[in-house]
Amino acid sequence: MHQGECLCGKVKFQITQKITDIIMCHCSECRRVQGSAFATNGNVESKNFKFLSGENNLTEFKENNNKSRFFCCSCGAPIMAKLKNNPDYTRVRLGTITTDIDEMIEKHIFTASKANWDTICDNITQHKEW
Ligand SMILES: [Zn+2]
Ligand SMILES: [Zn+2]
């Protein structure tokens, strides 16, 4: 069970399962959308992801025909991404989760395109791409 919220607190959500497939992605898209060295994202089943408030405060950014990113239109916090061809899963942004995360982080991906100032200092598996 997890809870999360955006920076301004208008968008609040809860997750009623363990988060799976947690990765740290260093690709240029994730860096730009997070404004950071990498994004830490994980999967939950969409049926286990429920908004407690502020769902209508989300803006959808259609990155392409399949992928949409959702962020708070007041504070800009990235909440989640969804794929049209895989609607049963929601990809959550772990930085917006306020409860402790004990789930294991599986890997770093797209390390070949990481920022030149980004130094990976842990022992988690690294993949140059996926
Ligand atoms: Zn907000
Ligand atoms: Zn990425």
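That block above? That's the structure.
Residues numbered from 1 in each chain as written. Chains lettered and ligands numbered in written order. Predicted model: local features only at pLDDT ≥ 70, side-chain atom pairs only at ≥ 80, totals over all residues. Heavy atoms only, no water.

**As for the overall build of the protein**
Convention followed: Helix and strand assignments come from DSSP, with helices taken as H or I runs of at least 4 residues and strands as E runs of at least 2, each series counted from the N terminus. We compute the radius of gyration from the C-alpha atoms alone; for a globule the expected value is 2.2 Å times N to the 0.38, where N is the number of residues. Think of it in three bands: with a 1.4 Å probe and only protein chains considered, a residue is buried below 20% of the maximum accessible area for its type, exposed above 50%, and partly exposed in between. The criterion used for residue contact is that any of the two residues' heavy atoms lie within 4.5 Å. What sets the accessible areas is the Shrake-Rupley method with a 1.4 Å probe; for residues, cover comes only from the shown protein chains.
A count of helical and extended segments in the protein gives one helix and 10 strands. Of the regular secondary structure in the protein, the N- to C-terminal order runs β-β-β-α-β-β-β-β-β-β-β. Scaling as 2.2 N^0.38, a compact globule of 130 residues should have a C-alpha radius of gyration of about 14 Å, and the protein matches this with 14 Å. Reported as C-alpha extents along the three principal axes, the dimensions of the protein are approximately 40 × 30 × 30 Å. Counting over 130 residues, the protein shows a buried share of 39%. Of the contacts formed within the protein by residues at least 6 apart in sequence, a portion of 53% connects residues at least 24 apart. As displayed, the protein offers around 7,600 Å² of accessible surface, 49% of which is attributable to carbon and sulfur atoms.

**Describing the coordination of the zinc ion (ligand 2)**
For the record, the criterion: Because water is not among the atoms used, a metal site may look incomplete, as its donors are only the N, O and S atoms within 2.8 Å, or 3.2 Å for Na, K and Ca.
Protein-derived ligands of the zinc ion (ligand 2) are Cys25 (SG), Cys27 (SG) and Cys30 (SG), with the metal-ligand distances lying across 2.1 to 2.3 Å. When the donor residues of the zinc ion (ligand 2) are listed from N- to C-terminus, their spacing reads C-x1-C-x2-C. For the residue pair Cys27 and Cys30, the accessibility class agrees, reading buried in each case.

**Quick word on the coordination of the zinc ion (ligand 1)**
Note the threshold: Irregular is the default label, applied whenever a site is not tetrahedral (four donors, all angles between 85 and 135 degrees) and neither square planar nor octahedral (four or six donors, opposite donors over 155 degrees apart, all other angles between 65 and 115).
Taken together, Cys6 (SG), Cys8 (SG), Cys72 (SG) and Cys75 (SG) make up the protein donors of the zinc ion (ligand 1), found 2.3 Å from the metal. Taken together, the four donor atoms surrounding the zinc ion (ligand 1) define angles of 103 to 117° at the centre, an arrangement classified as tetrahedral. Sequence spacing among the residues donating to the zinc ion (ligand 1) works out to C-x1-C-x63-C-x2-C. With Cys6 in the loop between β1 (2-5) and β2 (12-15) and Cys72 in strand β7 (residues 67-72), this pair connects stretches of sequence that are 66 residues apart. Each member of the pair, Cys6 as well as Cys72, is classed as buried.

**Considering the sheet that holds β2**
Backbone hydrogen bonds are what pair the strands of a sheet, in a parallel or an antiparallel way. Stated formally: The rule for pairing is simple: two strands pair if DSSP sees at least two bridges between them. Geometry is summarised by axes, namely lines fitted to C-alpha atoms with helices restricted to the contacting stretch, and by angles between N-to-C directions that run from 0 to 180 degrees.
Across the sheet, three strands lie side by side as β1-β2-β5; this open sheet has antiparallel pairing. The strands lining the two open edges of the sheet, one partner per strand, are β1 and β5 (49-53). Strand-to-strand twist across the sheet, computed as the mean angle between neighbouring axes with direction ignored, equals 25°. In terms of strand pairing, β2 meets β5 through four bridges, oriented antiparallel. Paired with Ile15 across the bridge in β5 is Phe49.

**Let's talk about the pattern of salt bridges**
Rule in force here: For this document, the term salt bridge refers to a Lys or Arg side-chain nitrogen within 4 Å of an Asp or Glu carboxyl oxygen.
Evaluated as defined, the whole model comprises four salt bridges. Here Glu5 ties to Lys12 by a salt bridge, and the two come within 4.0 Å at their closest N and O atoms. Between Glu63 and Arg69 there is a salt bridge, with its nearest N and O atoms 2.3 Å apart. A residue is classified by how much of its surface remains accessible, and Arg69, at 6% relative accessible area, is buried. One continuous salt-bridge network, built from bridges that share partners, spans Glu29, Glu63 and Arg69.

This is a description of form; function is not addressed.
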